Amino acid sequence: MINKRIFLQAVAAAAMATAGMGSAIAADITGAGATFPFPIYAKWAEAYKAQTGTGLNYQSIGSSGGLRQIRAKTVAFGASDAPVSGADLDKDGMVQFPAIIGGTVPVVNLDGFKPGELRVTGPVLAELFLGTITKWNDPKLAALNPGKTLPDQNVTVIHRADGSGTTFNFTDYLSAVSKPWADTVGKGAAVKWPAPSSVGGKGNEGVAANVNRVKGGVGYVEYAYVKKNNMNFLQLQNADGKYVNPDDKTFASAAAGADWFSVPGMGVSMVNAKGAESWPISTASFILMYKNPADKAQSAEVLKFFDWAFKSGKGMAAELDYVPLPDSLTADIRTKVWSQIAK
């Protein structure tokens, strides 16, 4: 059996190397944006090139960077975990559709605990990131973890330093479960982090590296980065009051009730979704494309790539604990969204 961690590192390194070469290699498809889906896009890209000969140059620069790139028309598609509003899509002349579903996970650097061994509720998680809980042996954490000896150790918040859809998803959740968070910080791709002891990191990669470096650190990353970096994570209480671990099954449970076309641009929020097995910080990652692209041939190649990924990339997504879109949804995307893109 292939070691998933080693395979993912190799694929990501290869994709990054290709992206860094710029004009030295003529990429067949260009895209940029969210770091959240980068591991699966890299894996799909390797398999797609092997089958078709068409390459993908995807720059994993964060959702805000992806929006800047697509609006500057320097790439054929942008990728964002923070969905663009219907009004902005209309203004920009773009369409948006989900490509993959996954989950954002609170991660910690605490010695002596296994992944998922410590529990938190949404409001207590918000207090950690607000900086109102400053020690890991705080009575509120102790009450949620009876029988556990929590360390008398300072809490350091690790957050994204760049504009990020992962941050949007995480702060959307904290705003939904914590009135103090909603009132003082709110949700967004970039927010002012209030905790006095905090460290920023660029991309999911930077946050993961800093959490693994800083003792007592708590941060948030997409689940593929948890697996890739062997990270410790917190078990979360969901909307049904059940404590759950992050994986493809709990992400799928959260996505099950999503009404995708109820929101312009399909920008549905899945945070704090109902369901006994639902992971409360689940999200989709979205693709942005122009309705009337300057390079129609390049745009057509993007649609061919995602058409292939929807049909043939499900197993690869599951291996990395992402949730592929159901066939019924991808059929609707082809007829209702892709049909708006000029050929």
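Refer to the structure above for everything that follows.
Residues numbered from 1 in each chain as written. Predicted model: local features only at pLDDT ≥ 70, side-chain atom pairs only at ≥ 80, totals over all residues. Heavy atoms only, no water.

**Some points on the overall build of the chain**
Helix and strand counts for the chain come out as 14 helices and 12 strands. A globule of 343 residues ought to have a C-alpha radius of gyration of about 20 Å, and the chain, at 20 Å, matches this closely. Within the span of the chain, comprising 343 residues, buried residues form 56% of the whole. Within the chain, counting contacts between residues at least 6 apart in sequence, those at least 24 apart form 76% of the total. Of the roughly 13,700 Å² of accessible surface on the chain, 53% is carried by carbon and sulfur atoms. The distance from the centre of the 33 positive side-chain charges to the centre of the 28 negative ones in the chain is 2 Å. (Helix = DSSP H or I, 4+ residues; strand = E, 2+ residues; numbered from the N terminus. Rg over C-alpha atoms; globule rule 2.2 N^0.38 Å. Buried < 20%, exposed > 50% of the residue type's maximum accessible area, 1.4 Å probe, protein only. Contact = heavy atoms within 4.5 Å. Areas by Shrake-Rupley, 256 points an atom, 1.4 Å probe, with all protein chains shown as cover. Lys, Arg positive; Asp, Glu negative; His and termini not counted. Charge placed at Lys NZ, Arg CZ, Asp CG, Glu CD.)

**Considerations on the packing of aromatic side chains**
Inspection of every chain in the model, using the stated rule, returns 22 aromatic pairs. Relative to Tyr322, the ring of Phe36 lies with its centre 6.4 Å away and its plane at 70 degrees, an arrangement referred to as edge-to-face. One end of the pair, Phe36, is in the loop between strand S1 (29-33) and helix H2 (38-52); the other, Tyr322, is in the loop between helix H13 (314-319) and helix H14 (327-337), with 286 residues separating them in the sequence. Centroid distance Phe77 to Phe306: 5.5 Å. Interplanar angle 85 degrees. Geometry classified as edge-to-face. With Phe77 in strand S3 (residues 77-80) and Phe306 in helix H12 (residues 296-312), this pair connects stretches of sequence that are 229 residues apart. Comparing Phe77 with Phe306, the two get one shared label, buried. An aromatic cluster is built from Phe38, Tyr41, Trp44, Tyr48, Tyr58, Phe77, Phe97, Phe305, Phe306, Trp308, Phe310 and Trp338, whose rings are joined through pairwise contacts. Positioned above the aromatic ring of Tyr290, the side-chain terminus of Lys73 is 5.1 Å from the ring centre. (Phe/Tyr/Trp six-rings, centres within 6.5 Å; stacked < 30°, edge-to-face > 60°. Lys NZ or Arg CZ within 6 Å of the ring centre and 35° of its normal.)

**With respect to the pattern of salt bridges**
A full pass over the atoms with the stated rule returns 15 salt bridges. The salt bridge partner of Asp88 is Lys91, with a shortest N-O separation of 3.7 Å. Separated by three residues within a single helix, Asp88 and Lys91 lie in helix H4 (residues 86-92), roughly one turn from each other. A residue is classified by how much of its surface remains accessible, and Lys91, at 64% relative accessible area, is exposed. A salt bridge links Glu117 to Lys148; the shortest N-O distance between them is 2.9 Å. One end of the pair, Glu117, is in the loop between strand S4 (94-108) and strand S5 (119-120); the other, Lys148, is in the loop between helix H6 (139-144) and strand S6 (156-160), with 31 residues separating them in the sequence. Each of Asp307, Lys311 and Arg334 takes part in a single network of salt bridges with overlapping partners. (Salt bridge = Lys/Arg side-chain N within 4 Å of Asp/Glu carboxyl O.)

**Side note on the sheet that holds S5**
Taking strand neighbours across the sheet as the criterion, the three strands line up as S5-S10-S11 in an open arrangement whose pairing is mixed. Since the sheet does not close on itself, it has two edges, and those belong to S5 and strand S11 (243-244), each with one partner. In this sheet, strand S10 (residues 235-237) lies alongside S5 in parallel orientation, the contact comprising two bridges. Across the sheet, residue Val120 finds its bridge partner in S10, namely Leu236. (Pairing = 2+ DSSP bridges.)

**Here we look at the nonpolar core**
One finds Trp44, Phe97, Leu125, Phe129, Trp260 and Phe306 to be the most contacted residues of the largest nonpolar core, which totals 98 residues. With sequence-adjacent residues up to four places away left out, Leu125 is seen in contact with Pro106, Val120, Phe170, Tyr173, Leu174, Leu234 and Leu236. Of all hydrophobic cores here, the second largest spans nine residues; its members include Ala32, Ile70, Leu288 and Tyr290. (Core = buried A, V, L, I, M, F, W, Y, C linked by side-chain atoms within 4.5 Å.)

**Considerations on the pairing of S4**
The two faces of a sheet get side chains in turn, since along a regular strand they alternate between them. Where burial is concerned, most of S4 is hidden: 15 out of the 15 residues are buried. Bridge analysis of S4 against strand S8 (residues 217-222) gives five bridges, and the strand direction is antiparallel. From the neighbouring strand, Thr104 faces S8, where its bridge partner is Glu222.

**Considerations on the environment of Ala190**
For Ala190, the location among the structural elements is in the loop between helix H8 (179-184) and strand S7 (198-201). Distance in space between the C-alpha atoms of Ala190 and Ser164 is 6.5 Å, their sequence separation being 26 residues.

**Some details on the pairing of S8**
Counting buried positions along S8 yields six of six residues, so the element is predominantly enclosed. With burial as the criterion, each face of S8 is covered, one bearing Gly217, Gly219 and Val221 and the other bearing Val218, Tyr220 and Glu222. Where S6 and S8 come together, two bridges link them in parallel fashion. Bridging across to S8, Val157 finds its partner in Val218.

**Some thoughts on unusual backbone geometry**
For Asn230, which is not glycine, the phi torsion reads 50 degrees and is therefore positive. Phi at Asp321 takes a positive value of approximately 65 degrees, unusual for a residue other than glycine. For Asp321, the location among the structural elements is in the loop between H13 and H14.

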